[in-house]
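Structural description and commentary
Here are the chains, one letter per residue:
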Amino acid sequence: MSSAAGPLTEPQVLAHTKRRLFPNEAESTAYAVADTQFATAEWLPGQPVDSAIRERLAPFNHVRIGGGYPDLVGVRTLESDLLAVDRLGDDPPLIAIEAKGHASGGVDTQRGIVQAYDRLHEANAAYLAAPAAAISETDRTLARELNVGVLGVDTAGTVEALEVPRVVGNQTTSEATALRFQASVQGVADASFGLNHPKNYLGYPLAHYAAGETETLLSEYKVVSAVTAARRGAAFLGLIEDRVGVEGVELTSLGEEVVRFAKARSGTVEAALAEFEGWYRSSKRFVDLAPAWGRLARRVVFAYPATELLVSELQTMLEDGIAEPSLVDTVEYLHALHPTFTVELFIKGDDAVRSRVLTDDGDLRRSALEDGTVYHSPTVFQLKAMLYHTGILTDRGAEPHRLEPLADVWALREPV
């Protein structure tokens, strides 16, 4: 990605800023989204936005923070040259950025500072990002008074912190919670759940605890052959802490509880693993096939943050007279109440998909939702299948290329 010759536009400023503040998209505890307005093909009439800039800014979402919608919002522990850190807890800060670029009236830096200040009602830190040459001493003084950071961007793409803000406390909102969820080890990603049966994830902490190589035990007892996917899913469900390349795998308290359950029921974890062999390739609902283990799996799956929200809102939909909502109905209903969380949970994060599904104002396009290929497979296939196997939902999941969103039912098996 490179800046075109001439004055920096707002998308260029924002893309360079995102690269500076969020340099590694694979960083497990970081996540950022640009506002949906930046998914446009043209920022100014007759001036197309370079595809590399849109790719850098993706994914897009319309996230309300404070009194408006920041141009970029994300979660990450920033370096000391970008943020004066006064520890407010172990979680990385929620960061909001307002970008300003050259337009017909110049660069409205003061408006950007005031907008960034408004975001501090819910963000931990807020910044103005603008062309460095347009930032005056008056701007910097105002920003210091309001505790707003100032990032100067030059035409080469270099981003310099001219004013460094302090971390502040904030209110916890559903929008902020959704981004924190995505930045956590349990956030929905294309690689979060690769398997669609909860027994595959329950078996991993048992094989890890038992004497012998985890991979060998999982194979010998016919628990699962896709060991990497089982390990990853066990981490997403909170059964293990997977410190890749550092300390390896460690059981969480939830994972230890699975081991206790196995020992109490079967005497040893090896005997419990032997029981798994009898379920190999069974398509029967797990909670009916192995009721005790199915109920344990239900507790584990319900502890996953997205499950409680889904169950709560599906119950509300039932009370509102929507007994068997389709996937499209479910997404539209959830989006009205939890827009950021819904988009992050259900919709793929790439530029092309988010641009199809969301308008510039962050509204949903129903016609796009009727196409199964726009959905996250880990949600509509693997997670939904686990909710089916644990007795929470009535229907299994389906792979996106086979998904018929208008016929795909999301209904509680045991509503209250």
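Nothing here was measured: the structure is a model prediction, and the numbers come from that model.

Things to note about the sheet that holds strand β6 (residues 125-131)
Read from one edge to the other, the open sheet built from 6 strands follows the order β1-β4-β5-β6-β7-β8, with strand pairing classed as mixed. A single partner strand is all that each edge strand has here, and the edge strands are β1 (31-34) and β8 (159-163). Here the strands of the sheet are splayed against their neighbours by 25° on average, with no regard to which way each runs. Where β1 lies against strand β4 (residues 72-75), 4 bridges are found, and the strand directions are antiparallel. The residue of β4 that forms the bridge with Ala34 is Leu72. Along the sheet, helix α1 (residues 10-21) makes contact with β1, β4, β5 (94-99), β6, β7 (149-153) and β8, crossing β5 at roughly 155°.

Overview of the side chain of Thr40
Looking at the secondary structure, you find Thr40 in the loop between β1 and β2 (42-44). Here the side chain of Thr40 touches Glu42 through a polar contact of 3.0 Å, landing on its backbone oxygen. For Thr40, the contacting residues outside a window of four places in its chain are Val49 and Arg54.

Section: the nonpolar core
Soluble globular proteins tend to bury their nonpolar side chains together. Within the largest apolar cluster, 77 residues are counted, with the highest numbers of intra-cluster contacts made by Leu202, Leu206, Trp293, Phe346, Ile347 and Tyr375. Shared between two domains, this core takes at least three residues from each, and those domains are domain 2 (198-283 + 291-301) and domain 3 (305-402). Those residues in contact with Ile347 that lie beyond four places of it in its chain are Thr342, Val353, Arg354, Val357, Leu369, Val374, Tyr375 and His376. Membership of the second largest hydrophobic core comes to 29 residues, among which are Leu8, Leu14, Phe38 and Val153.

Section: the domain arrangement of the protein chain
Each domain of the protein chain was delimited in the assignment, giving domain 1 (10-171), domain 2 (198-283 + 291-301) and domain 3 (305-402). Once you take the C-alpha centre of each, domain 1 and domain 2 turn out to be 42 Å apart.

As for helix α13 (residues 305-319)
With 15 residues, α13 should cover 21 Å at 1.5 Å per step; its first-to-last C-alpha distance of 22 Å lies within 8% of that length. Among all positions in α13, only Ala306, Thr307, Leu309, Leu310, Val311, Glu313, Leu314, Gln315 and Met317 are buried. Taken from the residues just after α13, Gly321 is the one with a positive phi, measuring 95°.

Here we look at the packing of aromatic side chains
By the definition in use, this model includes 10 aromatic pairs. Centroid distance Phe193 to Tyr201: 6.0 Å. Interplanar angle 55°. Geometry classified as tilted. The residues Phe193 and Tyr201 share a single accessibility class, namely buried. Connected via pairs of aromatic rings, a cluster forms that spans Phe261, Phe276, Trp279, Phe286 and Trp293.

Conventions used here
Residues numbered from 1 in each chain as written. Predicted model: local features only at pLDDT ≥ 70, side-chain atom pairs only at ≥ 80, totals over all residues. Heavy atoms only, no water. Pairing = 2+ DSSP bridges. Helix = DSSP H or I, 4+ residues; strand = E, 2+ residues; numbered from the N terminus. Axes fitted to C-alpha atoms, helices over the stretch in contact; angles between N-to-C directions. Contact = heavy atoms within 4.5 Å. Polar contact = N/O pair within 3.5 Å; in protein donor to acceptor, adjacent residues only side chain to side chain. Core = buried A, V, L, I, M, F, W, Y, C linked by side-chain atoms within 4.5 Å. Buried < 20%, exposed > 50% of the residue type's maximum accessible area, 1.4 Å probe, protein only. Domains from an automatic or database assignment. Expected span 1.5 Å × (residues − 1). Phe/Tyr/Trp six-rings, centres within 6.5 Å; stacked < 30°, edge-to-face > 60°.

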